[in-house]
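Here is how the chains run, residue by residue.
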Amino acid sequence: RWKSRIVVKGRIIHLGTFSNPEEAARAWDLKALECRGRGTMTNFPESDYFDIPHTEAVDEGETGKSSSAWNEGDTGKDAKY
């Protein structure tokens, strides 16, 4: 099982638990696009998400840059996706 989380405005948002790292990374992409807007760095091409509405990005100074997906059995070292 894989978990996904993102930091927005200094707060960690847990996005859920997924059956594989790709699903966790895609969940991160969707939330990043929602919070930061088009043009934000994503794990997969932004064109994969063209059918999904996006909100305006918040001020970059207010967003965290941390993201990760990790296995529940991990020793604490996060693998970035």
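Note that the coordinates shown come from a computational prediction; the quantities given were computed from them, not determined experimentally.

**Q** Can you tell me about the confidence of the model for the protein chain, naming the residues and giving the values?
**A** Low pLDDT marks stretches whose predicted atomic positions should not be read closely. In this model, the protein chain carries an average pLDDT of 76, and 63% of its residues clear a pLDDT of 70 or more. Taking the mean pLDDT of every element in the protein chain, the minimum, 44, falls on strand E3 (residues 63-71) and the maximum, 97, on strand E2 (residues 11-18). Per-residue pLDDT stays below 50 along residues 55-81; that stretch engages in 59 contacts with residues further than four places along the chain or on separate chains.

**Q** Quick one: what's the story with the nonpolar core, residue by residue and with numbers?
**A** Counting five residues, the largest nonpolar core is built from Ile6, Val8, Trp28, Ala32 and Cys35. Among the secondary structure elements, those contributing two or more residues to this core are strand E1 (2-8) and helix H1 (21-36). If one sorts the elements of this core by residue count, H1 sits on top with three residues.

Calculation criteria
- Residues numbered from 1 in each chain as written.
- Predicted model: local features only at pLDDT ≥ 70, side-chain atom pairs only at ≥ 80, totals over all residues.
- Heavy atoms only, no water.
- pLDDT = per-residue confidence, 0-100.
- Helix = DSSP H or I, 4+ residues; strand = E, 2+ residues; numbered from the N terminus.
- Contact = heavy atoms within 4.5 Å.
- Core = buried A, V, L, I, M, F, W, Y, C linked by side-chain atoms within 4.5 Å.
- Buried < 20%, exposed > 50% of the residue type's maximum accessible area, 1.4 Å probe, protein only.

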